[in-house]
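# Results of the structural survey
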Amino acid sequence: MYICIGLNFQDLMVRQGAVDSPPKCPFILGFECAGEIEQIGEGVEGFAIGDKVVALPEYRAWAELVAVPAKYVYKCPDELGPLDAAAITMNYTVAYILLFELAGLSKGKSLLVHSVGGGVGQAIVQLARTVPDVVVFGVCSKAKHEALKANNSPIDHLLERGSDYSSEIRKVQPDGVDIVLDCLCGEECNRGYSLLKPMGKYILYGSSNVVTGETKSFFSAARSWWQVDKVSPIKLFEENRTLSGFNLRRLMYQQDGSDFVRKAVENVFALYKEGKIKPVLDSTWALEDVAEAMQKMHDRKNIGKIILDPSLEPKPKPATPAKGKSKEDKKKQSSEEKKDSEEKKEDEKKEEKKEEEKKEEPATNGDSAGDSDSKGKENSS
Ligand SMILES: NC(=O)c1ccc[n+]([C@@H]2O[C@H](COP(=O)([O-])OP(=O)(O)OC[C@H]3O[C@@H](n4cnc5c(N)ncnc54)[C@H](OP(=O)(O)O)[C@@H]3O)[C@@H](O)[C@H]2O)c1
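Residues numbered from 1 in each chain as written. Predicted model: local features only at pLDDT ≥ 70, side-chain atom pairs only at ≥ 80, totals over all residues.

As named in an unreviewed UniProt entry, the protein is Alcohol dehydrogenase GroES-like domain, taken from Popillia japonica.

Here you go:
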């Protein structure tokens, strides 16, 4: 079955209430899914029923059937299976736009990437490697370093999240870096900007630092905002630096940028077909296990992309102990048990009555089977 769904940090941010104007509850989460076309809307051209496609809808992707405007749907090349389709489309398209449309990555440039072990982070690293002599500095949680090294992830300098990574970078390149790709925001904006060489480019494309504990925090959102230094265009002019930002969601759904995004998706698919990129998959989960999959991302444990596959069976869950049941459940259970035992008693009584009736009947009745046998024999003779 050609169906898979991509889990993105954006889903986590929506769940935490850390995005602008989320839809009213209840709604279906999800911004990325691969599948086959079941039905086509009136007037839609270029697609046929049964086409294998991947889509970037505005919500509702975590489902077995998804209605998506055609402008957010992309035909998958034959080489692209559903797992890789759901793993590359969002992450590599974002990474492609950041590196080649905004940062203008070229030979010999140096690059700082935050959350380098995640879905977009790994996509950035792979795409950067398609350009010769690029130097990649990658920051992520220390717990991921060993696994990334073991996977031969092509990061030149792995740095620890929360450390003084700026000093580490300056030890290698005293002048700083050419490009900073920041998905964290808050104080990382200032550090990133300070690390830029003349002609360097800083791009903000996320605000993961806004996600703190298990619930929405106005405080962390406000702190993230206030921690960012306000840079005047005059300062940029004098320092020969560029600041920019990128938000795929806004571009596609609010700024009519779907044609621009389609071109980037096509370029990503072409690189996939040439074998230049291959998504790093962290894990695949049944749709029913999405809470666990999300928790893994929230706990900063994923390396690469997390995928939901509706064709998978959910993991067996431990049986809920009786003492953990609610009063309602217990009441319902005991009334059901009572009903069962009453029915059982009724059945037993009926059986006893039948047995007694049998005993009271004349002995000839008990040979009825013999009778029918003899009848049968008669008929056959
Ligand atoms: N602008 C756009 O259009 C666009 C589109 C897609 C994604 N993005 C952004 O790109 C970034 C990566 O997205 P992704 O979907 O590939 O996810 P991801 O990197 O796979 O997300 C999980 C990782 O994020 C890091 N992280 C940073 N702050 C965190 C926090 N407060 N709580 C939990 N984890 C945190 C953790 O890695 P470490 O601990 O190793 O840092 C974690 O393992 C996100 O900021 C996302 O919003 C932007």
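More follows now that the structure is in view.
## Topic: unusual backbone geometry
For the bond running from Cys25 to Pro26, omega is -5 degrees, close enough to zero to count as cis. For Pro26, the location among the structural elements is in the loop between helix H1 (9-15) and strand S2 (33-36). Although it is not a glycine, Cys185 sits at a positive phi angle of roughly 70 degrees. You will see that Asn240, though not glycine, has its phi angle at about 55 degrees, which is positive. Note that Asn240 resides in the loop between helix H8 (233-239) and strand S10 (242-245). (Helix = DSSP H or I, 4+ residues; strand = E, 2+ residues; numbered from the N terminus.)

## Some remarks on the sheet that holds strand S11 (residues 281-285)
What links the strands of a sheet is backbone hydrogen bonding, and the strands pair in either a parallel or an antiparallel sense. Read across the open sheet, the 6 strands follow the order S4-S3-S2-S1-S12-S11; overall the sheet is mixed. Of all strands in the sheet, those with a lone pairing partner are strand S4 (73-75) and S11, marking the two edges. Across the sheet, the mean angle separating the axes of adjacent strands is 25 degrees when strand polarity is ignored. Across 4 bridges, the pairing between S11 and strand S12 (residues 305-308) is parallel. In the sheet register, Thr284 faces S12, and the bridge partner there is Ile307. Here helix H2 (residues 82-102) sits on the sheet and contacts strand S1 (4-7), S2, strand S3 (52-55), S4, S11 and S12; the angle it forms with S1, its principal contact strand, is near 35 degrees. Contacting S1, S11 and S12, helix H11 (residues 290-298) crosses the sheet at an angle of about 175 degrees to S12. (Pairing = 2+ DSSP bridges. Axes fitted to C-alpha atoms, helices over the stretch in contact; angles between N-to-C directions. Contact = placed C-beta atoms within 7 Å.)

## Some remarks on the confidence of the model for the protein
Per-residue pLDDT for the protein has a mean of 87; in total, 81% of the residues score no lower than 70. Taken as a whole, residues 361-381 scores under 50 in pLDDT and shows 0 contacts with residues more than four places along the chain or in a different chain. (pLDDT = per-residue confidence, 0-100.)

## Describing the site of the ligand
Taken together, 30 residues surround the ligand, and among them Gly118, Gly119, Cys140, Gly206 and Leu248 come closest. Contributions of two or more residues to the shell around the ligand are made by H1, H2, helix H3 (119-128), helix H9 (248-253) and H11. (Near = placed C-beta within 6 Å.)

## A short note on H3
Across the 10 residues that make up H3, a large majority, 10, are buried. Burial in H3 covers these residues: Gly119, Val120, Gly121, Gln122, Ala123, Ile124, Val125, Gln126, Leu127 and Ala128. (Buried ≥ 20, exposed ≤ 12 C-beta atoms within 10 Å, placed from the backbone.)

## A look at the packing of H2 against H3
When two helices pack together, their arrangement is captured by the angle between the axes and the distance separating the axes. Between H2 and H3, the shortest axis-to-axis distance is 8 Å and the interhelical angle comes to 55 degrees. Taken together, H2 and H3 sit at an angle that is classed as oblique. For the crossing formed where H2 meets H3, the hand is right-handed. The residues of H3 that touch H2, namely those facing Asn91, Tyr92, Val94, Ala95, Tyr96, Leu98 and Leu99, are Gly119, Val120, Ala123, Ile124, Leu127 and Ala128. (Parallel < 35°, antiparallel > 145°, perpendicular 65-115°, else oblique. Left-handed = near helix turned anticlockwise from the far one by under 90°.)

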